[in-house]
Amino acid sequence: MRFMTKTITVGLLCAAAAIPTLAQDATLPVGTFVDKWGTSFEFSPCGDTGTDICGVLTNLDGKSATEENLAYVGKMVMKAEQVAPNEWKGSLAAGGMSAQATVTMVSPDTIEIQGCRGGILCQTLPYSRAS
């Protein structure tokens with residue numbers, strides 16, 4: 001009986017350890033997200049752990065839609081590592097420029113992307129899940 005109790009306890013501990021990982025995976029911002037100007041990114045899991053995200057620039061509208069920047073449409077321009085639940089930090093690079101990026105999942109259908117250059121010039125934009 002004692003052996004069975006220990007076996008069940010070990011099984012429950014293993015299951016409890018696996019649950020946060022599964023929950024973390026369920027909160028990845030996977031899919032296409034669009035800002036109010038029509039610029040969009042498609043995010044997918046990447047990296048060895050499956051909790052990192054990579055972003056492909058899928059559309060670029062507004063003042064940023066210069067000929068130089070449009071060359072990056074269809075290319076992976078962002079890679080970020082999960083640092084906390086619903087938060088990823090990494091870099092955004094396009095057009096010979098790069099910025100530190102933080103992606104925060106505000107809700108299942110909304111993310112915020114903050115880009116910072118030089119650690120002092122920062123801008124945060126909300127993106128909504130494309131329907």
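Scroll up a little and you will see the structure.
Below: a short report on this structure. Every chain is numbered independently, its residues counted from 1 as its sequence is written. Totals for whole chains, interfaces and linings use every residue, but because this is a predicted model, local features are given only for residues with pLDDT of at least 70 and side-chain atom pairs only at 80 or more, for both listing and counting. Heavy atoms throughout the structure, all of them, feed into the side-chain values; hydrogens and water do not.

### So, the pattern of salt bridges
Our working rule: Each salt bridge in this description consists of a side-chain nitrogen of Lys or Arg and a carboxyl oxygen of Asp or Glu lying within 4 Å of one another. Secondary structure is summarised from DSSP: a helix means a run of H or I of at least four residues, a strand means a run of E of at least two, and numbering begins at the N terminus for each. Buried residues are those whose accessible area, probed at 1.4 Å on protein chains only, stays under 20% of the maximum for their type, while exposed residues exceed 50% and partly exposed ones sit between those limits.
The final tally for this structure, using the stated rule, is one salt bridge. The partner of R129 in a salt bridge is D109, and the shortest N-O contact between them spans 3.0 Å. Of this pair, R129 sits in strand β8 (residues 121-129) while D109 sits in the loop between β6 (97-107) and β7 (110-117), and the two are 20 residues apart along the sequence. By relative accessible area, D109 is classed as partly exposed at 44%.

### Regarding the pairing of strand β5 (residues 87-94)
Here is the rule we go by: Two strands form a pair only when DSSP identifies at least two bridges running between them.
Here six bridges tie strand β4 (residues 76-84) to β5, and the two strands are oriented antiparallel to one another. In the strand pairing of β5, M78 is matched with L92. Here β4 folds back onto β5 in antiparallel fashion, the turn holding two residues, of which N86 has a positive phi close to 65 degrees. By the bridge criterion, eight bridges tie β5 to β6 in an arrangement that is antiparallel. Bridged to L92 within β6 is A99.

### Let's talk about unusual backbone geometry
Although it is not a glycine, N86 adopts a positive phi angle of roughly 65 degrees. Structurally, N86 can be placed in the loop between β4 and β5. Residue classification places N86 among the partly exposed positions, given a relative accessible area of 27%.

### Points about the sheet that holds β8
The following threshold applies: Note on geometry: axes are C-alpha line fits, over the in-contact stretch for helices, and angles between N-to-C directions span 0 to 180 degrees.
Taken in spatial order, the eight strands of this closed barrel run β1-β2-β3-β4-β5-β6-β7-β8, and their pairing is antiparallel. In this sheet, adjacent strand axes meet at a mean angle of 30 degrees when their direction is disregarded. When β6 meets β7, the two strands line up antiparallel, connected through seven bridges. Of the residues in β7, the one forming a bridge with Q100 is C116.

### Notes on the environment of V106
Defined as follows: The contact definition used throughout considers only heavy atoms, calling two residues in contact when any of these lie within 4.5 Å.
By secondary structure assignment, the location of V106 is in strand β6. As for V106 and P126, which are separated by 20 residues in sequence, their C-alpha atoms are 9.1 Å apart. Among residues more than four places away in sequence, those in contact with V106 are I111 and E112.

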